[in-house]
Each structure stands twice: as C-alpha cells, then as structure tokens.
Amino acid sequence: MQVHTRTGARAFDVTEPVTLAGHAAHRWSLDTVLGRFTDATHVHRFGPRGYESVTVTLSSEGGVVAESVHLVGGPARALERTVGLTAVARQAAPGDWVVDVGTDGAAQYVHLDLRGFEPADSWFHLPPGGARIVPVRRTGTADAVTGTCGR
C-alpha cells in the first residue's frame, strides 16, 4: 500500500502479508495497517488535503493480481493543466502490441482511444509516478498502434 503526497512523494509505503482463500474478501484500513491515525482520504477535513492518492496492490509469487488507486478528492478534484501523462506503443512479440502508460502526477480516468486496436484496460487511475502496461487487441487492419491517451 502506498500513499502519495500532492508533490508525488511517498508518504507511506507499507507491505502487509495476507492469505486469502479463493473468492474470499477482506477489508483493511490504512490507519489499522500503519497503527496510527492519518486521515489519508481527508474525510475529517483537518486543514488542507495532504495526500494525493492511496494505491493498494495485491500480488502473489506470480506477480500483480490486482491494483486499485483511490485519488483523494474523487471526481471533484481540481483539473490540472498537465500531469506528465505519456503513452508509448510497442510490440511485445510479433503481432502482439502493448501501450506503456506513465504519469508524473496523479492521473484520473486515463483512457486510450486507438485506431484499429482495443485496449484491455481503459478509464483507470494512476498515482504520481505510476505506470501501467496495457495489452491491446487488433480490431482492424492497422499495422501499428496509433491514437491518443487522455485524462
């Protein structure tokens, strides 16, 4: 679990080993994991918002199973002129394409609009300094991936 400040610095970076049975669910609070009160989601409104995002990653020996990014402030967040969002398409293997998406600042509702290809994931959030590799599937006759990445 990572909590980023508005400048992109990691305020907290905590690893908590868990064991989950198939189809099981469990909830943890950041304050419980850290052992102290943080108001990371700014629900108590103690002064200005101090944190930008909370990212929880569930991984196993095989790699990342799931990741969820909560941007503090949600849809009411102020728009920023730029967050340093980048997207680069590359061939992962002959005929298989992926798009490497990255950002300097927190990016909300990142989406890919591609010509002749469909992304496996779109409309996701990224924390400051976050990155995601998005596999894409050919839907047309295009030889290479072209399009836009926006937020």
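Residues numbered from 1 in each chain as written. Predicted model: local features only at pLDDT ≥ 70, side-chain atom pairs only at ≥ 80, totals over all residues. Heavy atoms only, no water.

1. Let's talk about the overall build of the protein
Broken down by element type, the protein carries 1 helix and 11 strands. Along the first, second and third principal axes, the C-alpha set of the protein runs to 55 × 40 × 20 Å. Looking at the protein as a whole, 32% of its 151 residues are labelled buried. Taking the contacts inside the protein whose residues are at least 6 apart along the sequence as the reference set, 47% of them involve residues at least 24 apart. As displayed, the protein has an accessible area near 9,700 Å², and 52% of this comes from carbon and sulfur atoms. Here the protein holds 14 positive side-chain charges and 15 negative ones, and the gap between their average locations is 6 Å. (Helix = DSSP H or I, 4+ residues; strand = E, 2+ residues; numbered from the N terminus. Buried < 20%, exposed > 50% of the residue type's maximum accessible area, 1.4 Å probe, protein only. Contact = heavy atoms within 4.5 Å. Areas by Shrake-Rupley, 256 points an atom, 1.4 Å probe, with all protein chains shown as cover. Lys, Arg positive; Asp, Glu negative; His and termini not counted. Charge placed at Lys NZ, Arg CZ, Asp CG, Glu CD.)

2. Remarks on the packing of aromatic side chains
Per the stated rule, a full pass over the model turns up 3 aromatic pairs. Measuring from ring centre to ring centre gives 6.1 Å for F37 and F46, while their planes differ by 65 degrees; the resulting arrangement is edge-to-face. Residue placement shows R132 over the ring face of F124; its charged tip is 4.3 Å from the ring centre. (Phe/Tyr/Trp six-rings, centres within 6.5 Å; stacked < 30°, edge-to-face > 60°. Lys NZ or Arg CZ within 6 Å of the ring centre and 35° of its normal.)

3. Digging into the sheet that holds strand β11 (residues 147-150)
Strand order across the open sheet formed by 3 strands is β9-β7-β11, with antiparallel pairing between neighbours. The outermost strands of the open sheet, each flanked by one partner alone, are β9 (124-126) and β11. Geometrically, the sheet is characterised by an average inter-axis angle of 30 degrees between neighbouring strands, direction not taken into account. As paired elements, strand β7 (residues 107-114) and β9 share 2 bridges and run antiparallel to each other. Note that in β9 the partner of A107 across the bridge is L126. (Pairing = 2+ DSSP bridges. Axes fitted to C-alpha atoms, helices over the stretch in contact; angles between N-to-C directions.)

4. Here's the deal with the pairing of strand β6 (residues 96-102)
Counting buried positions along β6 yields 5 of 7 residues, so the element is predominantly enclosed. With 7 bridges connecting them, strand β5 (residues 86-93) and β6 associate as antiparallel partners. Paired with A93 across the bridge in β6 is D96. Hairpin geometry of β5 and β6 is characterised by an intervening segment of 2 residues between the two adjacent antiparallel strands and by a positive phi of about 85 degrees at G95.

5. Details of the pairing of β7
In terms of strand pairing, β7 meets β11 through 4 bridges, oriented antiparallel. Its bridge partner being in β11, L112 is matched across the sheet by C149.

6. A word on unusual backbone geometry
Located in the positive-phi region is R45, a residue other than glycine, with phi close to 60 degrees. Along the polypeptide, R45 turns up in the loop between α1 (30-34) and β3 (51-60). Of note, the phi angle at Y109 is positive, near 55 degrees, even though the residue is not glycine.

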